[in-house]
Amino acid sequence: MKLRKLEKILLTIAITLVLVTGVAYAADAILAKPDKLESRESFSFANPSHSEEATSAVAAKPLEEKEEDSHASIMDPDQEEQTSLADAKEAKRDPRMGLDPIPEQEGDLDRIKRLIAPESPGDPEKDYMIRVFKDKQLVTVFEDPKGDGSFDYLIKAFNCSTASDGYDTPSGQHQLGLKLYSGYMIDASYGQYCSEFLQYHYFHAVPSYGGVEESGVSWEDYNQLGQVASHGCIRLETKAAKWIYDYCKEATPVEILESSQDFPYLPDKVDQLRMSPDGPAWDPTNPNPLNPYQQDPSILLEYNRQG
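Our subject in this report is the structure included herewith. (Residues numbered from 1 in each chain as written. Predicted model: local features only at pLDDT ≥ 70, side-chain atom pairs only at ≥ 80, totals over all residues. Heavy atoms only, no water.)

1. Here's the deal with helix α3 (residues 108-116)
Turning to step 1, where the next piece is worked out: Residues of α3 that are buried include every one of Arg-111, Ile-112, Leu-115 and Ile-116, and no others. The buried residues of α3 occupy an angular sector of 120° when projected down its axis, which confines them to one face.
Turning to step 2, where the next piece is worked out: Packed against the buried residues of α3 are α5 (238-247) and α6 (292-295). (Buried < 20%, exposed > 50% of the residue type's maximum accessible area, 1.4 Å probe, protein only. Helix = DSSP H or I, 4+ residues; strand = E, 2+ residues; numbered from the N terminus. Arc of directions from axis to C-beta. Contact = heavy atoms within 4.5 Å.)

Okay, structure coming up:
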């Protein structure tokens, strides 16, 4: 009996050892699976916070490199193209941008007030170049913003009258010299705001006759601006002659050209008022406060209605 009881005890111990060993083995196997799982899919399951950082770090680098490559292949040509366009725009810059703007819509009286008002001011210390185009009967003023001596930026354009048949306004290269507030001309007239560009040849306002310096302007002479009419000088509205007198210093270069073919952007004619045969004998643009047109611009309405 004692022997049989001992056998049972030993059998129980053996079974227990087998079970314990089996459980331990199973536990090892189960605990080992996460290690293998982590090594294989760590970015998806093991330590989510770490995996997101790792994913971002690893994924960001190729993206940054790709973006750099993308900029290298896409942005640089665009920048080059923009640079090329800027260069082309500069090369083809429209010189008319320097001219005073003209309102798109304005009434008759507003137009008259604008056209008899003084020109926008210049700078007496700045370098300008005056070009005269005989075929268009235009006097123009250019600036040189690039500083290369090209003087290609147009800021002023005035109708003028150069020499009529039998007289001569010499073409070529000249420069401003003597200036006279009022000059006595060969035909017994007065020219106001005179700026000499060649001996005995001046830019000046439309002449005044009858022994008076301002109030004897011929309406026919004034209305001829834009056509040949002078004895060799270059006639201008008073406000245009005054602008050159005030702002174009001594030695300003003057180029008088027969043709404007190399300057296709020039206006054909500049908007200008007309004087009435029966009106006061004053240049309407003369800023003198005694000028009847400056006192009452509506006097000019009858001969200057648009349309």
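2. Side note on the nonpolar core
Turning to step 1, where the next piece is worked out: Counting residues in hydrophobic clusters, the biggest one holds 23 residues, and the most contacted among them are Ile-130, Val-139, Phe-203, Leu-236, Trp-243 and Ile-244.
Turning to step 2, where the next piece is worked out: Of all elements in the fold, only β1 (129-133), β2 (138-143), β3 (153-159), β6 (190-198), β7 (201-205), β8 (234-236), α5 and β9 (253-257) reach the threshold of two or more residues within this core.
Turning to step 3, where the next piece is worked out: With sequence-adjacent residues up to four places away left out, Leu-236 is seen in contact with Val-139, Phe-158, Asn-159, Cys-160, Phe-203, His-204, Ala-205, Val-206, Leu-225, Ala-241 and Ile-244.
Turning to step 4, where the next piece is worked out: The next biggest cluster of nonpolar side chains, apart from the first, holds 13 residues, and it includes Ile-112, Val-206, Leu-273 and Trp-282. (Core = buried A, V, L, I, M, F, W, Y, C linked by side-chain atoms within 4.5 Å.)

3. Focus on the sheet that holds β6
Across a sheet, paired strands are connected by hydrogen bonds in the backbone, their directions being either parallel or antiparallel.
Turning to step 1, where the next piece is worked out: Within the open sheet, the four strands sit side by side as β5-β6-β7-β8. Their pairing is mixed. With one partner strand each, in any of the chains shown, β5 (179-184) and β8 form the two edges of the open sheet. Between one strand axis and the next, the sheet turns through 35° on average, direction left out of account.
Turning to step 2, where the next piece is worked out: Two strands pair when backbone bridges link them, and β5 and β6 are joined in this way by five bridges, in the antiparallel orientation. (Pairing = 2+ DSSP bridges. Axes fitted to C-alpha atoms, helices over the stretch in contact; angles between N-to-C directions.)

4. Details of the packing of aromatic side chains
Turning to step 1, where the next piece is worked out: With the rule as written, the count across this model stands at nine aromatic pairs.
Turning to step 2, where the next piece is worked out: When the ring of Phe-263 is compared with that of Tyr-265, the centres are 6.1 Å apart and the planes differ by 80°; the resulting orientation is edge-to-face.
Turning to step 3, where the next piece is worked out: Members of the aromatic cluster, each reached through a chain of ring pairs, are Phe-133, Phe-142, Phe-263 and Tyr-265.
Turning to step 4, where the next piece is worked out: Its guanidinium or amino end placed over the ring of Phe-142, Arg-131 lies 4.6 Å from that ring's centre, counting from NZ or CZ.
Turning to step 5, where the next piece is worked out: The side chain of Lys-179 reaches across the aromatic face of Tyr-245, ending 5.8 Å from its centre. (Phe/Tyr/Trp six-rings, centres within 6.5 Å; stacked < 30°, edge-to-face > 60°. Lys NZ or Arg CZ within 6 Å of the ring centre and 35° of its normal.)

Honestly, that's just the spatial picture; any functional story needs more than this.
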